[in-house]
Amino acid sequence: MEKLGLGPDILLQDNPRLIYARLTGFGQSGKYASLAGHDINYLAISGVLSKLGRKNENPYAPANILADFAGGGVLCAMGIIVALYERTKSGKGQIIDASMVEGVAYLSSFLWKSQNLSFWSRARGENLLDSGAPFYETYETSDGKFMAVGALEPHFYEKFIRGLGLDLHKLPSQMSFSHWPEMKKMFAEVFRKKSQAEWCEVFDDTDACVTPVVAFDEAALHPHNKQRGSFIKNDQGEISPRPSPLLSRTPATPSLKRDPVVGEHTEEVLLENGFSREEISQLRSLQVIELNRPKANL
């Protein structure tokens, strides 16, 4: 943007109320500031990636959700909201330096603040929330599907054990770390005796914190999601999540039109803003802009 003469220092001189958001992987300063990277790299530098993965396996990145979208896009948006609110008091804009490394680290503050506690002090894959605990794990069912178990609290754990048909008093203590591997094997054997649907019949109306791992293309069909209208379908039949969170007085009205292709509305927008067709043609020939018109599906 500086090369185009549109850096924040210049634009803030013209409009001191401007809020200028800069979203990058490594931030605007530091050794890696000008380097290329992707979600997995930002996750790695933040320290968070070292915590993700099972015991005796390589760390793994959960798609590109954490750094790109959560630590990047969501926290950048929060920065803009905070700056907008601050401007109502000061009347001044400011520059937002949103780093995906710092964003995902901040998002994971719980990891830092809990590392000295007993439930997060062990090696990767041996802790309460990282697949170490047999009661916070996924288990395969007889039909090759999976159930997710999050029975952390004792009263939830008791209902979980009861649903499995086991005797709580004949099992090791819930928090006996040394017994977790054998308990996990035992629970896995039990889960393989029923299908996912059968386990849903057991657990759906209990507070055992056991739910089916719903396939991605079936999420919109799950009864809970259907009742809430959690997913929407556009005019092309494509399914996507409904905007969230819900606001009581001004709920979002999502568009049911298909997503535009890159450059589909470039000419329309430039014409609305005073550019002539000749100027638009010149910008296109210089490869400054991209123009695309979707082809009809005949």
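Since the structure is predicted, the reported quantities are computational estimates derived from the model, not experimental observations.

(A) How the structure looks around the sheet that holds strand 3 (residues 136–140). Spatially, 3-4-5 is the arrangement adopted by the three strands of the open sheet, whose pairing is antiparallel. In this open sheet, the two strands that pair with only one neighbour each are strand 3 and strand 5 (210–212). Strand-to-strand twist in this sheet, taken as the mean axis angle between neighbours without regard to direction, amounts to 20°. Most of the contacts of helix 7 (residues 180–191) go to strand 3, to which it runs at about 40°, and overall it touches strand 3 and strand 4 (146–150). Of the strands in this sheet, strand 4 and strand 5 are in contact with helix 8 (residues 196–203), which crosses strand 4 at around 30°.

(B) Representation of unusual backbone geometry in the model. Residue Pro-245 is bonded to the preceding Ser-244 through a cis peptide linkage, with omega at 0°. The topology assignment puts Pro-245 in the loop between strand 7 (239–241) and helix 10 (266–272). Phi at Asn-56 is positive, roughly 65°, even though this residue is not glycine. Assignment of secondary structure puts Asn-56 in the loop between helix 2 (39–46) and helix 3 (65–90). With a relative accessible area of 74%, Asn-56 lands in the exposed category. With a phi angle near 60°, Cys-209 is a residue other than glycine that sits in the positive phi range. According to the relative accessible area criterion, Cys-209 is partly exposed, its value standing at 32%.

(C) Looking closely at the nonpolar core. Phe-135, Tyr-157, Phe-160, Leu-164, Phe-187, Phe-191 and Phe-203 are the most contacted members of the largest nonpolar core, which has 24 residues in total. Of all elements in the fold, only strand 4, helix 6 (154–164), helix 7 and helix 8 reach the threshold of two or more residues within this core. Top contributing element to this core by residue count: helix 7, with six residues. Not counting residues up to four positions away in its chain, the partners in contact with Phe-135 are Leu-128, Val-149, Gly-150, Ala-151, Leu-152, Tyr-157, Phe-160, Gln-174, Met-175 and Trp-180. With six residues, the next largest nonpolar core counts Leu-43, Val-104, Leu-111 and Trp-120 among its residues.

(D) Structural context of the packing of helix 6 against helix 7. Two elements in contact, helix 6 and helix 7, have axes separated by 10 Å at closest approach and are oriented at 50°. In terms of their interaxial angle, helix 6 and helix 7 are classed as oblique. Contact residues: Tyr-157, Phe-160, Ile-161 and Leu-164 in helix 6; Met-183, Phe-187, Val-190 and Phe-191 in helix 7.

(E) Main features of a nonpolar patch on the surface. Nonpolar side chains collect at one region of the surface, where Met-1, Leu-4 and Leu-6 lie side by side and expose about 310 Å² of accessible area between them. Along the chain, the position of Met-1 falls in the segment before helix 1 (8–14).

(F) Seen up close, the packing of aromatic side chains. Tallying each qualifying case throughout the model produces 14 aromatic pairs. Each ring, one from Phe-160 and one from Phe-187, has its centre 5.3 Å from the other, and the planes form 85°; the classification is edge-to-face. Taken as a pair, Phe-160 in helix 6 and Phe-187 in helix 7 lie far apart in primary sequence, 27 residues in all. For Phe-160, a relative accessible area of 0% translates into the label buried. Owing to a relative accessible area of 0%, Phe-187 belongs among the buried residues under this scheme. Ring plane angle 55° and centroid distance 4.9 Å describe the contact between Phe-191 and Trp-199, whose orientation is recorded as tilted. In this structure Phe-191 comes out as buried when scored by relative accessible area, which is 0%. A relative accessible area of 1% means that Trp-199 is categorised as buried. One aromatic cluster in this structure is built from Phe-135, Tyr-139, Tyr-157, Phe-160, Phe-177, Trp-180, Phe-187, Phe-191, Trp-199 and Phe-203. When the ring centre of Trp-199 is taken as origin, the NZ or CZ atom of Lys-194, which lies over that ring, is 5.6 Å away.

(G) Representation of the pattern of salt bridges within the structure. Counted by the stated rule, this structure contains eight salt bridges. Between Arg-22 and Glu-2 there is a salt bridge; the shortest N-O distance is 3.0 Å. A residue pair is termed long-range when its members are at least 10 positions apart, and Arg-22 in strand 1 (residues 19–24) and Glu-2 in the segment before helix 1 qualify at 20 residues. For Glu-2, a relative accessible area of 47% translates into the label partly exposed. Its salt-bridge partner being Glu-126, residue Arg-122 comes within 3.9 Å of it at the nearest N-O pair. Residues joined in a network through salt bridges with shared partners are Arg-54, Glu-137 and Lys-184.

The rules behind these values
Residues numbered from 1 in each chain as written. Predicted model: local features only at pLDDT ≥ 70, side-chain atom pairs only at ≥ 80, totals over all residues. Heavy atoms only, no water. Pairing = 2+ DSSP bridges. Helix = DSSP H or I, 4+ residues; strand = E, 2+ residues; numbered from the N terminus. Axes fitted to C-alpha atoms, helices over the stretch in contact; angles between N-to-C directions. Contact = heavy atoms within 4.5 Å. Buried < 20%, exposed > 50% of the residue type's maximum accessible area, 1.4 Å probe, protein only. Core = buried A, V, L, I, M, F, W, Y, C linked by side-chain atoms within 4.5 Å. Parallel < 35°, antiparallel > 145°, perpendicular 65-115°, else oblique. Patch = residues over 30% accessible without salt bridge, like charges linked within 9 Å, V, L, I, M, F, W, Y side chains within 5 Å. Areas by Shrake-Rupley, 256 points an atom, 1.4 Å probe, with all protein chains shown as cover. Salt bridge = Lys/Arg side-chain N within 4 Å of Asp/Glu carboxyl O. Phe/Tyr/Trp six-rings, centres within 6.5 Å; stacked < 30°, edge-to-face > 60°. Lys NZ or Arg CZ within 6 Å of the ring centre and 35° of its normal.

Spatial relationships are all this shows, so hold off on functional conclusions.
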